[in-house]
Amino acid sequence: MLTQHIRDALASRLSISFPDISLISKEDAVPIPEPPYFQTELTLAEFEPISTHRYTARFRFKIYYVPVPEKPVAMIMDEMLESLTTLEVEGRPCRASSVAWERPTGNDGASGEGYFRAEYVIQLTTDQVEMESKMQILKQGGGLK
C-alpha cells in the first residue's frame, strides 16, 4: 500500500510540475507516447528495522526524460530537481534523501542514457507497517537482508 502511495505522489508531482510532458511508468503496460515524456521506474523498495518498533521504508526511483529538441534536459533540469525534493505522501511531506541527474559511463567510456534519480526514506512505527505492505514491497524488488 505504501509503495502505491509514494508512486502516486511522484506521478502527481511530475504532472503538476510539468503538465505538458506525458508520464508513464515502466511497470505499466501502456503504449509509449510521443516525446517529450517521463518514464518512471521503481528500482528499490525495502523495509529496514531500526529498532524494535520502528522501521525505515526506502524507495528509489529512476525517472527517464525523453526530450524533444525544443525542450532538452538542460532546460528542465533545475525545475525537475527542485520538484523531486519533496513529495506529499498520504497528506504528509516526504523529503528526498537524495536527488540527482546521472549519466552512467560504460566500460568503453561512452555515456549511457541519462536519468534523474530520487530516493525517499520514510520512518514508520510497527503499528503502521501492515503485513500486506511488507509482502507487496518484497514482491516489487525489495529483499530480505
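For the structure itself, consult the block above.
In what follows, the accompanying structure is described. Computed from a prediction, not measured in an experiment: that's the story for all the values here.

Here we take up the pattern of salt bridges. Applying the stated criterion across every chain yields a total of 8 salt bridges. Between Glu41 and Lys26 there is a salt bridge, with its nearest N and O atoms 3.7 Å apart. You can see Glu41 sitting in strand β2 (residues 37–51) and its partner Lys26 sitting in the loop between β1 (22–25) and β2, a full 15 residues away along the chain. On the basis of relative accessibility, which here comes to 18%, the residue Glu41 falls in the buried class. Of the charged contacts, one joins Arg117 and Glu102 as a salt bridge, the two residues approaching to 2.5 Å between their closest N and O atoms. In this pair, Arg117 sits in strand β6 (residues 115–125) while Glu102 sits in strand β5 (residues 92–102), placing the two residues 15 residues apart along the sequence. Taking relative accessible area as the criterion, Arg117 reaches 18% and is therefore assigned buried. A single network of salt bridges, built from pairs that share partners, joins Glu46, Glu48, Arg58, Arg60 and Glu119.

What counts, and at which threshold
- Residues numbered from 1 in each chain as written.
- Predicted model: local features only at pLDDT ≥ 70, side-chain atom pairs only at ≥ 80, totals over all residues.
- Heavy atoms only, no water.
- Salt bridge = Lys/Arg side-chain N within 4 Å of Asp/Glu carboxyl O.
- Helix = DSSP H or I, 4+ residues; strand = E, 2+ residues; numbered from the N terminus.
- Buried < 20%, exposed > 50% of the residue type's maximum accessible area, 1.4 Å probe, protein only.

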